[in-house]
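Chain and residue survey
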Amino acid sequence: MTACAAACADAPSDETLARRYPLDRWYVAGFADELKDQPLGRRFLDQPVVMFRTPDGQVAALEDRCCHRSLPLSRGTLEGQGLRCGYHGLLFDALGRCLEIPGQPKVPTKARVRAYHLREKDHILWIWMPRQAGTAPICEPPDYPVHDDPRYRFGHGSYHYNAPWQLIHDNLLDLSHLGYVHLKTIGGNARLHMNAPTRVSSEGLGVTVVRHMAGSTPPPTYRAAWPFGETCDRWQEIVFQPSHLAIWTGAMAPGEAALDDPARGGFHMRGFHGITPESETTAHYFWSMSANRHPDLPDTLSTVIEQTRFTFDEDKGVIESQWAAMQRSGGPSAWVDIHTDAGGVRARRVISGLIAAQQVAAGAADLSPSAAAGAVDGVVA
Ligand code: FES
Ligand SMILES: [Fe+2]
């Protein structure tokens, strides 16, 4: 490998990125409370990024590489005017402009680093990953009002995965695994899970999977949070979007209401799952869990969050083992699909459709954006 190739190994071209990931999209970069008085470095879609909060409370994101000698800026320190590199002290503002070179009066105009659009919304950090560096977002980040819904309180966490992001989509869109993987927390009767009536539908880039399980055995986490009897009526509603999934689950006393009644009572767990590729083979998984409290029980949120974390630890073990086996013995082309895979298969088609549309748009100068979008919609229709 040449010196240049080695130096550029982490900087794929715009064309390469467009073959790997859906671009011109908001991705989850973390949670707002992660940005305090220290810069935070993460890699998103093969691009090193440093995030920080300015003294006036705004969030900012820059390329995590100093333009002087490439030290990651995440090793630097925050000051009133911006982020100071931890090697020779160049100071950068939130737009990536170098404001000061200690000991050198003139700052060259090319002394700057790339800036990314970062937004703080509903306690979530969203980063815009553009098709072309420097272009502005064409839409607002998704809404997630549950975090400020007074009926719920939430906790959150994150994982770094040694596995591709779409294996996490597969896992979250097929909750039949609960009865085999999560028996200590949110599992329950495995046969009931595998036989639950399931509805799968698509709309735009979204995929929805709904499963209802009347007469289910309340699993341990549900029992810890709610005074269930021997059985409960249980629901799972999963909505996939390319950047994140919202998973509404819960249970109520048998027959208390219709399972598809939006006003149903009982115990509710509302999960947010931001899945962001770090690279083609690694991923960030940012999750939150919101739950309601039974009026006659002490606050059980810490128990719910603790058991959620344990549950997601179990998923990580499964998915990373799955990826290790795939590297030895072959990927999706070697798989046999079963009835529980419908949601995951559709989500994979959404992602591949977005990437295909980017190739079409790049290869056909006369193809309008609306035609490219139509090509994507056609994939999931
Ligand atoms: S590497 Fe950043 S100031 Fe030298
Ligand atoms: Fe799971």
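This one's a predicted model, so the numbers in the text were calculated from it and none came from an experiment. (Residues numbered from 1 in each chain as written. Chains lettered and ligands numbered in written order. Predicted model: local features only at pLDDT ≥ 70, side-chain atom pairs only at ≥ 80, totals over all residues.)

Some thoughts on the UniProt feature "domain: Rieske" (unreviewed entry) in the protein
According to UniProt, the positions carrying the feature "domain: Rieske" (unreviewed entry) are residues 26-127. As annotated, residues 26-127 has a helix share of 0% and a strand share of 41%, and its two end C-alpha atoms lie 5 Å apart. (UniProt positions renumbered as here; feature names shortened; annotations may be inferred. Helix = DSSP H or I, 4+ residues; strand = E, 2+ residues; numbered from the N terminus.)

Regarding the packing of helix α3 (residues 165-173) against helix α8 (residues 342-363)
At their nearest, the axes of α3 and α8 sit 8 Å apart, and the two run at 145 degrees to each other. Remark: the crossing between α3 and α8 carries right-handed chirality. Between α3 and α8, the contacting residues are Q166, H169, D170 and L173 on the first element and G343, G344, A347, R348 and I351 on the second. (Axes fitted to C-alpha atoms, helices over the stretch in contact; angles between N-to-C directions. Left-handed = near helix turned anticlockwise from the far one by under 90°. Contact = placed C-beta atoms within 7 Å.)

Thoughts on the domain arrangement of the protein
Along its sequence, the protein is organised into domain 1 (11-129), domain 2 (151-339) and domain 3 (345-380). If you average the C-alpha positions of domain 1 and of domain 2, the two centres end up 33 Å apart. Listed by partner, the interface residues are 15 residues for domain 1 and 13 residues for domain 2. Partitioning the side of domain 1 that touches domain 2 into residue classes produces nine nonpolar, one polar and five charged. (Domains from an automatic or database assignment. Nonpolar A, V, L, I, M, F, W, Y, C, P; charged D, E, K, R; others polar.)

Quick word on the packing of α3 against helix α7 (residues 301-329)
The geometry of α3 relative to α7 is characterised by a closest axis approach of 10 Å and an angle of 130 degrees between their N-to-C directions. Overall, the two elements α3 and α7 adopt an arrangement that is oblique. In this structure, α3 crosses over α7, and the sense of that crossing is right-handed. Of the residues in α7, those in contact with L167, I168 and N171 of α3 are D315, I319, Q322 and W323. Considered class by class, the residues forming the contact of α3 with α7 number four nonpolar, two polar and one charged. (Parallel < 35°, antiparallel > 145°, perpendicular 65-115°, else oblique.)

Topic: the confidence of the model for the protein
Looking at the protein, the pLDDT average stands at 91 and 93% of residues meet or exceed 70. Low pLDDT (under 50) marks residues 1-8, which in the prediction has one contact with non-local residues, meaning those over four places away or in another chain. Note on residues 365-381: pLDDT under 50 across the span, and 21 contacts to partners over four residues away in sequence or across chains. (pLDDT = per-residue confidence, 0-100.)

Comments concerning α8
The terminal C-alpha atoms of α8 lie 31 Å apart, and with 22 residues this matches the ideal 32 Å at 1.5 Å per residue to within 8%. Along α8, the residues that are buried comprise G343, G344, R346, A347, V350, L354, A357 and Q358. (Expected span 1.5 Å × (residues − 1). Buried ≥ 20, exposed ≤ 12 C-beta atoms within 10 Å, placed from the backbone.)

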